[in-house]
Amino acid sequence: MSNAETGPAALRCGAFTERDRPAGSPHVDVLSAREVPLGGPRALRVRRTLPQRKRTLIGAWCFADHYGPHDVAASGGMDVPPHPHTGLQTVSWLFSGEVEHRDTLGSHALIRPGEMNLMTGGRGIAHSEVSTANTTVLHGVQLWVALPGEHRDAARDFQHYVPELAQADGAEIRVFLGSLLGRTSPVRTFTPLLGAEIVIEPHATLTLAVDATFEHGLLVDTGDVRLIDAVLRPAELGYVPRGSATLTMVNEADAPARAVLLGGPPFREEIVMWWNFIGRSHEDIVKAREDWEASSDRFGVIENFPGGRLPAPALPNAVITPRRNPPAV
Ligand code: MN
């Protein structure tokens, strides 16, 4: 997906901020979403929980949009023309609907519920995403992963993965990235990551063993989910700092609850995010924008796409500088 804000703010992301807290007493920070139009004539709206002022990354996860359920007959569905990415991977995961993906690697793939598309746009890639005629209700998440400095110019790549359903007491889990419940996704990433869809039965309690060196985020789609000491409502993201070897979640609703669990070790680099680009400096962003506007080979061309591509918005007036990470607690 593209960041369709007309005047996107430049974000200086310094991820590694942990509160001073007693060992073994994780506390959940509840991050609320803000609504952002995705663009197009009838502007599908998405709920964005990352990045935000309070927190810019969870592990290398640097962008989280949650959308739907949208009645496509009313909203017009998803129609995102070719747009570029640098320095990141996009992770697409649907709860309902079907989206057609094309990119400048030559990939042409459909994504359906329970299937993950992961696209790597290190040095540069462009893609389009359009919901298909089979889609009546569109519902899912779009996530981005920041690439570490040594891999930020990685070659274009595209991976499609359909995880097996894992059963736990009172829950069903699909592990699309990393390891959970003894299931490990074969999908390649550049930093350790966790990504899983979790469906919890009404009033069931789920305790998951997790990597204590990871920080975690639970993005709730439906239901009211108590995560440790906080109740998360739909579209809220609960952040748990590293140090927890288990995560306990309770579905407090009378219907099944669904959430996406994200995790990874704290990302210790300073990055600069603007529009659909991640770099390390203002100059990186200016160059990426220039290259896209000049139709550079850096991003390539999507064959057979009916229609134009997304122009980059204007750059902010101020020079974008990366923020120093605060010292580790
Ligand atoms: Mn995109």
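Residues numbered from 1 in each chain as written. Predicted model: local features only at pLDDT ≥ 70, side-chain atom pairs only at ≥ 80, totals over all residues. Heavy atoms only, no water.

A few points about the sheet that holds strand 12 (residues 137-146)
Adjacent strands of a sheet pair through backbone hydrogen bonds, lying either parallel or antiparallel. Taken in spatial order, the seven strands line up as 3-4-5-12-7-10-13 in an open sheet, and their pairing is antiparallel. Two strands bound the open sheet, and with one partner strand each, they are strand 3 (34-37) and strand 13 (157-161). For this sheet, the mean inter-axis angle between neighbouring strands, taken without regard to orientation, is 20°. Here four bridges tie strand 3 to strand 4 (residues 45-50), and the two strands are oriented antiparallel to one another. Bridge assignment links Val36 to a residue of strand 4, and that residue is Val46. (Pairing = 2+ DSSP bridges. Helix = DSSP H or I, 4+ residues; strand = E, 2+ residues; numbered from the N terminus. Axes fitted to C-alpha atoms, helices over the stretch in contact; angles between N-to-C directions.)

Quick notes on the pattern of salt bridges
What the rule picks out here adds up to 16 salt bridges. Notably, a salt bridge pairs Arg102 with Glu100, separated by 3.4 Å at the nearest N-O pair. (Salt bridge = Lys/Arg side-chain N within 4 Å of Asp/Glu carboxyl O.)

Quick notes on the environment of Gly97
As for its position among the elements, Gly97 is in the loop between strand 7 (88-96) and strand 8 (99-103). Residues Gly97 and Val72 lie 25 residues apart in sequence; the distance between their C-alpha atoms is 9.2 Å. If we ignore the near neighbours within four places in the chain, the residues touching Gly97 are Ile111, Arg112, Pro113, Thr135, Val137 and Leu138. (Contact = heavy atoms within 4.5 Å.)

Examining the side chain of His101
Turning to its location among the elements, His101 is positioned in strand 8. Of note is the side chain of His101, whose polar atom sits 2.8 Å from the side chain of Asp103. Those residues in contact with His101 that sit more than four places away from it in its chain are Ser107, His108, Ala109, Asn117, Met119, His127, Ser128 and Phe158. (Polar contact = N/O pair within 3.5 Å; in protein donor to acceptor, adjacent residues only side chain to side chain.)

Looking at the confidence of the model for the chain
On average, the chain scores 90 in pLDDT, and the residues at 70 or more come to 90%. In the predicted structure, residues 324-329 sits below a pLDDT of 50 and forms 15 contacts with residues beyond four places in sequence or in another chain. (pLDDT = per-residue confidence, 0-100.)

Concerning the sheet that holds strand 8
The strand order across the open sheet built from four strands is 6-11-8-9, with neighbouring strands paired in antiparallel fashion. Looking at the sheet topology across the chains shown, the edges are occupied by strand 6 (79-85) and strand 9 (108-111). Taking the axes of each pair of neighbouring strands and ignoring which way they run, one obtains an average angle of 20° across the sheet. The pairing of strand 8 with strand 9 spans four bridges and is antiparallel. Bridge assignment links His101 to a residue of strand 9, and that residue is Ala109.

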